[in-house]
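A look at the structure
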Amino acid sequence: VDGADMRTRAQARGTIVHQVLERIDLGTLENIDRLVAECIEDKRRQSRDRELVKGDASQIITLVRNAARSPFVTMAVTSGRLWRELPLGACVDGVIISGVIDLLHEAPDGTLAIADFKTDAVANEMEARMTAGAYEAPGGAYALALEAVTGRRVASGSFIFALPDGHTVTYEGDELRRIIQVDR
């Protein structure tokens with residue numbers, strides 16, 4: 001299997017993980033096996049992707065479980081103030097920013113927190129932080145757009161890496177303001 005096929009397969013797996021995380025009860029993970037099987041079957045129906053996810057069900061289940069067990073998701077589920085796969089679009093300083101927020105959580109103080117699920121394999125916290133650096137620009141852009149649309153403060157942006165053990169890198173305070181300013 002060449003590198004391009006591995007990347008395509010990883011992207012297909014990541015898409016399925018996001019689909020399951022959008023549909024599953026994040027508190028109980030009830031019916032995880034069925035949901036993963038349905039999403040894999042949907043992907044297989046796309047003829048060009050038929051073989052991409054063959055044999056990947058157990059890894060996808062692990063990725064979903066690791067993401068759902070992250071402190072961010074636990075806090076969001078407990079609060080009951082969360083939105084998944086939230087479309088976002090805004091024009092900020094003449095630049096159109098659009099995308100989909102994987103998970104948005106509203107804190108008791110009314111501030112907002114964004115989470116982005118990642119299926120990159122990271123071995124430890126240091127590697128997770130280094131990999132998160134590649135996602136700072138879109139993360140900052142989403143925070144900037146969300147503040148523009150809602151008029152509310154984004155207090156944190158988190159990248160939740162589901163492999164192998166689930167590491168979360170969170171930007172808040174001055175660090176979050178730095179990545180938001182880069183996008184201005």
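Summary of the structure given here.

Hydrogen bonds along the backbone pair up the strands of a sheet, which may run parallel or antiparallel. Taking strand neighbours across the sheet as the criterion, the five strands line up as β1-β2-β3-β4-β5 in an open arrangement whose pairing is mixed. Whereas interior strands pair on both sides, the edge strands pair on one side only; in this sheet they are β1 (82-92) and β5 (167-172). Recorded for the sheet is a direction-independent mean angle of 35° between the axes of neighbouring strands. Bridging between strand β3 (residues 112-121) and strand β4 (residues 154-163) involves eight bridges; their strand directions are parallel. Opposite L112, over in β4, you have V154 as the bridge partner. With respect to the sheet, helix α5 (residues 125-133) is in contact with β3, β4 and β5, its orientation differing from that of β5 by roughly 55°.

Time to look at unusual backbone geometry. Of note in this structure, E85 is not a glycine but carries a positive phi near 45°. As for its position among the elements, E85 is in strand β1. Positive phi, normally seen in glycine, also occurs at D93, with a value near 55°. Classification of D93 by relative accessible area gives exposed; the value is 58%.

About the cut-offs
- Along each chain, residues carry numbers from 1 onward, in the same order as the chain's sequence is written.
- Two thresholds apply to this predicted model, a pLDDT of at least 70 for residue-level local features and 80 or more for giving and counting side-chain atom pairs, whereas whole-chain, interface and lining totals are computed over all residues.
- Side-chain calculation: all heavy atoms of the structure are included, whereas hydrogens and water are not.
- At least two bridges found by DSSP between two strands is the condition for calling them paired.
- Helix numbers and strand numbers start at the N terminus; a helix is a DSSP run of H or I with at least 4 residues, a strand a run of E with at least 2.
- Comment: axis = line fitted to C-alpha atoms, over the contacting stretch for helices; angle = value between 0 and 180 degrees taken between N-to-C directions.
- In this analysis, two residues are considered to be in contact whenever any of their non-hydrogen atoms come within 4.5 Å of each other.
- The buried label applies to any residue whose accessible area, calculated with a 1.4 Å probe on protein chains only, is under 20% of its type's maximum; exposed applies above 50%, and partly exposed to all values in between.

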